[in-house]
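# Notes for the structure review
For reference, the chains in residue letters:
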Amino acid sequence: NFLKRYCVLLYGYDSSNFEMKISQAGDLMSSQLWSAKKVEFEKLATQLKTEDLDQVVSIIELREVDAWTFEVDLELKIRRKLAELKSKLRVELKLAPNSRSENNTYPFEVKSYEEQIIQ
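As a starting point, this report considers the structure included with it. Residue indices follow the written sequence of each chain, beginning from 1 at its first position. Under the rules for a predicted model, residues below a pLDDT of 70 receive no local features and side-chain atom pairs below 80 are neither given nor counted, while totals for whole chains, interfaces and linings still include all residues. Derived side-chain values reflect all non-hydrogen atoms in the structure, with water molecules and hydrogen atoms excluded from consideration.

To continue, consider the overall build of the protein chain. Numbering of helices and strands starts at the N terminus; helices are DSSP runs of H or I of at least 4 residues and strands are runs of E of at least 2. The helix and strand inventory of the protein chain stands at three helices and five strands. Against the 2.2 N^0.38 benchmark of 14 Å for 119 residues, the protein chain shows a C-alpha radius of gyration of 14 Å, consistent with a compact globule. For the protein chain, the C-alpha atoms occupy an extent of roughly 45 × 30 × 20 Å along the three principal directions. Only protein chains enter the accessibility calculation, which uses a 1.4 Å probe; a residue whose area is less than 20% of its type maximum is buried, one above 50% is exposed, and one in between is partly exposed. A total of 119 residues make up the protein chain; the buried ones form 37% of that total. Summed over its atoms, the accessible surface of the protein chain is roughly 7,400 Å², and 48% of this surface lies on carbon and sulfur atoms. A positive count includes Lys and Arg, and a negative count includes Asp and Glu. His and the chain ends are not counted in either. Lysine's charge is taken at NZ, arginine's at CZ, aspartate's at CG and glutamate's at CD. Positive and negative side-chain charges in the protein chain, numbering 18 and 20 respectively, have mean positions lying 2 Å apart. It is over C-alpha atoms that the radius of gyration is taken, and the globule rule equals 2.2 Å times the number of residues to the power 0.38. Where accessible areas are quoted, they stem from the Shrake-Rupley method and a 1.4 Å probe; at the residue level, only the protein chains shown are allowed to cover.

Structure below.
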């Protein structure tokens, strides 16, 4: 459930809710990962203020590589104006133990993730 929630927050958004969803996804990240990705997210947030976009995510498959590493295959449907683009993405997520908090009720956090476009 943690991985599904994280992927839906990180990849399923539109122009109006991007900042809220990324902030919630950030609550599930380690502070080091958030610091590394923050500038990238801020650039995207600025771009989405001038461009209408809707991105819908579907989880195709979730695999456990080892106790702390997982692969998730996602299908993205990206709508800009009248154009729709479909893309498949493989995300490798590395988790780490974490204390539960109000913002992250799970006993772990995302330490890192790598994205790769798949066919």
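From this point, things continue past the structure.
Assignment of secondary structure puts Gly 26 in helix H2 (residues 18-27). For Gly 26, a relative accessible area of 13% translates into the label buried. Note: C-alpha distance between Gly 26 and Arg 63 (37 residues apart in sequence) is 22 Å.

Looking now at the pairing of strand E3 (residues 69-80). Within a regular strand, the side chains alternate between the two sheet faces. By the convention used here, strands pair only if DSSP detects at least 2 bridges between them. The sheet contact formed by strand E2 (residues 53-66) and E3 spans 12 bridges and is antiparallel. Within the sheet, the bridge partner assigned to Ser 58 lies in E3 and is Glu 75. Between E2 and E3, which follow one another and run antiparallel, lie two residues. Sheet topology note: the E3/strand E4 (residues 83-97) ladder contains 12 bridges and is antiparallel. When the bridges of E4 are listed, Phe 70 appears paired with Leu 93. Between E3 and E4, which pair antiparallel and follow one another directly, the connecting turn spans two residues, one of which, Lys 81, has a positive phi of 50°.

Okay, the packing of H2 against helix H3 (residues 31-50) next. The convention used is that axes are lines fitted to C-alpha atoms, helices contributing only their stretch in contact, and that angles between N-to-C directions extend from 0 to 180 degrees. At a closest axis distance of 10 Å, the pairing of H2 and H3 adopts a crossing angle of 170°. Classified by the angle between their axes, H2 and H3 sit roughly antiparallel to one another. The segment H2 lies against H3, with Phe 18, Glu 19, Ile 22 and Gly 26 engaging Trp 34, Phe 41, Leu 44, Ala 45, Leu 48 and Lys 49. By residue class, the composition of the contact of H2 with H3 is seven nonpolar, one polar and two charged. Angles are sorted into four bins: roughly parallel if under 35 degrees, roughly antiparallel if over 145, roughly perpendicular if 65 to 115, and oblique for all others. Note on contacts: a residue pair qualifies if any of its non-hydrogen atoms lie within 4.5 Å across the two residues. Only Asp, Glu, Lys and Arg are considered charged, only Ala, Val, Leu, Ile, Met, Phe, Trp, Tyr, Cys and Pro nonpolar, and every remaining residue, Gly among them, polar.

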